[in-house]
Amino acid sequence: MLVLIRGAGDLATGVAVRLVRAGMSVVLCDIAQPTAIRRTVAFSEAIRLGETAVEGIVARRAGDPQDALSLLASGVVPVLCDETAQCVPALAPDVLVDAILAKRNLGTHTGMAPIVVALGPGFTAGVDAHAVVETMRGHDLGRVYYTGNALPNTGVPGEIGGQSRKRVLRAPADGLFLPLRNIGDEVSPGEVVATVGGVSMQTEIGGVLRGILPAGLCVPRGFKCADVDPRCQRAHCDSISDKARALGGGVLEAILHFQNGRDAR
């Protein structure tokens, strides 16, 4: 079974890893300049670096759909630079997963594959996707909807280690992003970890810098640029999150649900 995933950030990567370990062939596609901050666990880094690995699974940038199929044959997860999924006709995937997490639909529809699964708000199960997976942390995280919608976006980051808004660092100005600290570094409240357009970006809480954008991206004011994990576990920086694993489980359920010919309920 061939699965094409739109998006290759940390949550999309968590889905991909779960599907690969379940025996499925997975191809991902993302934008030319990925903006994932949890870069140590994001296959999108293959676009920037050429190759990356997450929990022992290797991903490599593919030049085109044929190259992607060749990489699959060699046991590597291909990542295409393909923002609008132009590769769909050439790959003819059995399943398409929209894991862009844009909080809105950027062009995914049920005609793209026999099974189409979307993550989070912006989609209606049975209309523009066959199933929708809940992405909001809490009781229903990873739940699969076969009709209806996921919970609406609140704009409030999920709570980790007792912190929500304060753990996410956003650009204080428009401009070029230049990190001053690295993923895995311990940081203190009020520490300058990057500059954006020459303006300092400071932490509000202490912890481990779990994610941060790479240097050289131009970002708008308010853009999510870094994430501080107050649990202070360095090992968490190199492993897929509980949320990503839950979403992967939801996607796997949806695929098997339709593959087994069950009616949506």
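Residues numbered from 1 in each chain as written. Predicted model: local features only at pLDDT ≥ 70, side-chain atom pairs only at ≥ 80, totals over all residues. Heavy atoms only, no water.

### Focus on the pairing of strand β2 (residues 25-30)
We apply this condition: Accessibility here uses a 1.4 Å probe with only protein chains present; expressed as a share of the type maximum, an area under 20% marks a residue as buried, one over 50% as exposed, and anything in between as partly exposed. Put simply, DSSP H or I for four residues or longer makes a helix, DSSP E for two residues or longer makes a strand, and each gets a number counted from the N terminus. A strand pair is defined by DSSP finding two or more bridges across the two strands. Whether a crossover is right-handed comes down to one check: with the strands pointing away from the viewer, does the path from the first strand over the helix to the second run clockwise; if it does, it is right-handed.
Taking burial as the measure, the 6 residues of β2 include 5 buried ones, the bulk of the element. Sheet topology note: the strand β1 (residues 2-6)/β2 ladder contains 5 bridges and is parallel. Within β2, the residue paired with Leu 2 across the bridge is Ser 25. In terms of handedness, the path from β1 via helix α1 (residues 10-21) over to β2 forms a crossover that is right-handed.

### A word on the sheet that holds strand β10 (residues 168-170)
Reading across the sheet, the 4 strands line up as β10-β17-β15-β12 and stay open at both edges, with antiparallel pairing between neighbours. In the strand order of this sheet, the two ends are held by β10 and β12 (186-187), each with one partner. The pairing of strand β15 (residues 207-212) with strand β17 (residues 224-229) spans 4 bridges and is antiparallel. When the sheet's bridge partners are listed, Ile 212 is paired in β17 with Ala 226.

### A short note on a positive patch on the surface
What counts here: Patch definition: residues with relative accessible area over 30% and no salt bridge; like charges joined within 9 Å; nonpolar side chains (Val, Leu, Ile, Met, Phe, Trp, Tyr) joined within 5 Å. For the accessible areas, the method is Shrake-Rupley and the probe is 1.4 Å, while residue cover comes only from the protein chains on display. Here, a salt bridge means any side-chain nitrogen of Lys or Arg that lies within 4 Å of a carboxyl oxygen of Asp or Glu. Within this scheme the basic residues Lys and Arg register as positive and the acidic residues Asp and Glu register as negative, but His and the chain ends are omitted. To locate a charge, the coordinates of NZ of Lys, CZ of Arg, CG of Asp or CD of Glu are taken.
Together, Lys 103, Arg 165, Arg 170 and Lys 224 make up a region of like positive charge exposed at the surface. For Lys 224, the location among the structural elements is in strand β17.

### Quick look at helix α3 (residues 65-73)
We apply this condition: Polar contacts here mean pairs of N or O atoms no more than 3.5 Å apart (in protein, one a potential hydrogen donor and the other a potential acceptor; neighbouring residues in sequence count only if both atoms are side-chain atoms).
Between the side-chain oxygen of the N-cap and the backbone nitrogen of Gln 66 there are 3.1 Å, and the N-cap of α3 in question is Asp 64. Following α3 by one or two positions, Gly 75 adopts a phi angle in the positive range, close to 85 degrees.

### Some points on the packing of aromatic side chains
Two measures describe an aromatic ring pair: the distance that separates the ring centres and the angle between the ring planes. Our working definition: Aromatic contacts are taken between Phe, Tyr and Trp rings whose centres are within 6.5 Å, Trp giving its six-membered ring; a plane angle under 30 degrees counts as stacked, one over 60 as edge-to-face, and the others as tilted.
For the structure on display, the rule yields 1 aromatic pair. Between the aromatic rings of Tyr 146 and Phe 258, the centroid separation amounts to 5.7 Å while the plane-to-plane angle is 75 degrees, which identifies the pairing as edge-to-face. Residue Tyr 146 is found in the loop between β9 (144-145) and β10, and its partner Phe 258 is found in helix α5 (residues 242-259); the two are separated by 112 residues along the sequence.

That's the geometry; what it means functionally is another story.
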